[in-house]
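Architecture and fold: a report
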Amino acid sequence: MRPLWFMTAALPFCVALVACTDATEPTARPFEEVSCHERIRALSVHDGVLSSRLGHKSQAAKETPDASQFVARMRESREDGEAFACGLTRSWVTEVFEGLERQYPEARYDDGIDGSRAGYRVVHGDELHALFQGHAGSAETVIYHVRHTGTEDHVFTVEQLPRGGGYRIYQSYINAYSLYAWLATSTTGLFESDTGEIRVWRGLQAAVNQSLAQISGGQASLENLDALPADWEFARPYYEYVRDYDQARIMANFDKAWTRYGQGRVLTEAEFFDDYLVKLAGLEAYFRQNDHLGTPFPEAVWNTWIELYASPNVLHFPGLPNSTITDLLLADRDYRLEILEVVLPGDDDAVKESCAENASILDASLRTP
C-alpha cells in the first residue's frame, strides 16, 4: 500500500481559509471614497468563516442554469467556514472585485485542478512578463487569478491598480496563515499555535503521522522516528522539519514574504516585474521542467517559494527527490501555472461602487438568516 503522505496538503485544498455591521464601512470617509482594498481588509477578519464561500458557489453554479439564478441563490448563502486556505480566500476576495454574476462561469466549470473550461490559460515562466505587460499602464483595474496546479498547489490574487498605480498581492496558506495576517501591518499577537491567524500546520503533522503509521506497521510517528523503516530513512530530514516547525521558524518564514509583498503594500511596476515576476517565472520553469522527475529538490527553489508565499511547500523538501511525494499522490497530473484575467469595467468610482455592493453581500452572508 502506498503511504498517504500529505492527504491534507497535496490535494487541491487551496481550491484547496470587525463586527459584521462595520465590514463594508471600514473608515469614516465618504462612502464612495473607500477603496476595494479597504473593504477586503475589513472583511479579512472573517477569512475563516468565509472559507465556505467557494464550496457554496460551486454547488450553486452546478444547480442553476444561468447567472441570474446563481446570484439569487448566493444572496441567500450563509457562510460557516472554520479554516483558511489559499483558494478559499481567493474566491471571496475576487468576488469583492468582480461580483457574483461575473464569477458564474468559473464557479460552474472550474474543478480546482484544470481551469481551461473556466477561462484560465496556461502560462510559462518566460511568458509572464508579456502577459502582465499587456495591461500595464491601462486605465482599468485588472484582477488576476493565479495558481500553481496539477502537481503543485497554491492560489493567489493580483490586483493591478489603474494607470500604472502598481500591484497588490492577496493570499493565505492552508494550515499556516490567514489573509488577515497577510494584510496586517504588524504581526504582534497574530501567532497562536492552534487558533491564531498564524499557526502551526497541524493538519500536515496529522497526515504525516498517518503515513508514518502506514509504512511502519503502526510503529513510527513524528515523535518516534527511530522506528522509521530503513527504506524511508532518506526522508528523515523532512520528518524532523515538520516535527520541529515551531513559532520561531514559522514567523521567520512568514516575515520573508510579508515584509516585501504583504501588509497591503502596493508594489511598484519595477518591484513587480523585476522581482516578483522573476521569482514566479523561476518557480514555473523549475516545476514544469522537473515534473515527475527524481532530481533532488533545490534549496534555492524551496527558498523562493517561501519568499513569495510565506510558508514552505509541503510537497517538497531540499534534497528530497522532486517527485517523491507528488508521484505518490498526483502521478496522473501534470504541473501548470494557470492565470485568469478579469478587467473590471467602468471608471474608478464605478469600481469602488461595485466593490461596495459586493462587499455588502459578503457582509450579509456572515449573519444568520
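This report concerns the structure included in the present document. Throughout, a residue's number is its position along its own chain's written sequence, starting from 1. Confidence filtering applies because this is a predicted model: local features only for residues at pLDDT of at least 70, side-chain atom pairs given and counted only at 80 or more, and all residues used for totals across whole chains, interfaces and linings. Values shown for side chains rest on all heavy atoms present in the structure; no hydrogens or waters enter the calculation.

In this section: the packing of aromatic side chains. The aromatic pairing rule takes the rings of Phe, Tyr and Trp, using the six-membered ring of Trp, and pairs them if the centres are within 6.5 Å, calling planes under 30 degrees apart stacked, those over 60 edge-to-face and the rest tilted. Counted by the stated rule, this structure contains 30 aromatic pairs. Where Phe 97 meets Tyr 170, the ring centres are 5.9 Å apart and the plane angle is 70°; that geometry is what we call edge-to-face. In this pair, Phe 97 sits in helix H4 (residues 86-98) while Tyr 170 sits in strand S4 (residues 167-170), placing the two residues 73 residues apart along the sequence. Only protein chains enter the area calculation, which uses a 1.4 Å probe; residues under 20% of their type maximum are buried, those over 50% are exposed, and those in between are partly exposed. Classification of Phe 97 as buried rests on a relative accessible area of 2%. Only runs of H or I of at least four residues qualify as helices and only runs of E of at least two qualify as strands under DSSP, and these elements are numbered from the N terminus.

Here we take up the pattern of salt bridges. A side-chain nitrogen of Lys or Arg and a carboxyl oxygen of Asp or Glu constitute a salt bridge if their distance falls within 4 Å. According to the stated counting rule, one finds 23 salt bridges in the structure shown. The partner of Glu 159 in a salt bridge is Arg 168, and the shortest N-O contact between them spans 2.8 Å. In this structure Glu 159 comes out as buried when scored by relative accessible area, which is 7%. Glu 271 is the partner of Arg 265 in a salt bridge, and the nearest nitrogen-oxygen pair spans 2.9 Å. Take Arg 265: its relative accessible area is 27%, and that puts it in the partly exposed class. Residue class for Glu 271 comes out partly exposed when judged on its relative accessible area of 30%. Overlapping salt bridges, with partners in common, bring together Arg 53, Lys 57, Glu 79 and Glu 95 in one network.

Our next topic: the nonpolar core. Phe 132, Trp 182, Tyr 239 and Phe 272 are the most contacted members of the largest nonpolar core, which totals 96 residues. In terms of residues, this core owes the most to one element, helix H11 (residues 269-290), which gives nine residues. In terms of nonpolar packing, the next biggest core, distinct from the first, is built from ten residues, Ala 60, Ala 61, Phe 70 and Ile 361 among them. The term nonpolar core refers to a set of buried residues drawn from Ala, Val, Leu, Ile, Met, Phe, Trp, Tyr and Cys, joined through side-chain atoms within 4.5 Å.

What follows deals with the pairing of strand S3 (residues 154-160). With seven of seven residues buried, S3 is to be regarded as a mostly interior element. Covered by surrounding structure in S3 are His 154, Phe 156, Val 158 and Gln 160 together with Val 155, Thr 157 and Glu 159, the residues of both alternating faces. In terms of strand pairing, strand S2 (residues 142-149) meets S3 through seven bridges, oriented antiparallel. Within the sheet, the bridge partner assigned to Val 142 lies in S3 and is Gln 160. Pairing between strands is defined by DSSP: at least two bridges between the two strands are required. Following S2, the chain reverses through four residues before pairing antiparallel with S3; Gly 150 in that reversal takes a positive phi of roughly 85°. Taken together, the four bridges between S3 and S4 define a ladder with antiparallel strand orientation. Bridge pairing in S4 links Gln 160 to Tyr 167.

What follows is about the state of the cysteines. Note on disulfides: each one is a pair of cysteine sulfur atoms within 2.5 Å. For the structure shown, the criterion picks out one disulfide. Put simply, Cys 36 and Cys 355 are joined by a disulfide, and their sulfur atoms are 2.0 Å apart. Its torsion about the S-S bond being 90°, the disulfide of Cys 36 and Cys 355 is classed as right-handed. Separated by 319 residues along the polypeptide, Cys 36 in helix H1 (residues 36-43) and Cys 355 in helix H14 (residues 348-365) bring together distant segments of the chain. Residue class for Cys 36 comes out buried when judged on its relative accessible area of 6%. Residue Cys 355 is classed as buried on the basis of its relative accessible area, which comes to 0%.

The subject of this paragraph is the layout of surface pockets. Cavity and pocket criteria rest on a 1 Å grid covering protein atoms alone: a 1.4 Å probe that fits but cannot get out defines a cavity, protein on both sides within 12 Å along at least 5 of 7 lines defines an open pocket, and an atom within 4 Å of a point defines a lining residue. Grid points are joined across faces, edges and corners, and a volume is the space filled by probe spheres set on the points. For the largest pocket, the calculated volume is near 260 Å³. The wall of the largest pocket is formed by 15 residues, among which Glu 98, Gly 99, Leu 100, Ser 354 and Asn 358 lie closest to the centre. For the lining of the largest pocket, the elements supplying multiple residues, two or more each, are helix H3 (67-75), H4, helix H5 (100-109) and H14. It is H14 that contributes the most residues to the lining of the largest pocket, five residues altogether. Residues are grouped as follows: Ala, Val, Leu, Ile, Met, Phe, Trp, Tyr, Cys and Pro are nonpolar; Asp, Glu, Lys and Arg are charged; every other residue, Gly included, is polar. Considered class by class, the residues forming the lining of the largest pocket number seven nonpolar, three polar and five charged. Put simply, the second largest pocket is a space of about 200 Å³. Taken together, Ser 35, Cys 36, His 37, Thr 141, Glu 159, Leu 161, Pro 162, Arg 168, Asp 348, Val 351 and Lys 352 make up the lining of the second largest pocket.

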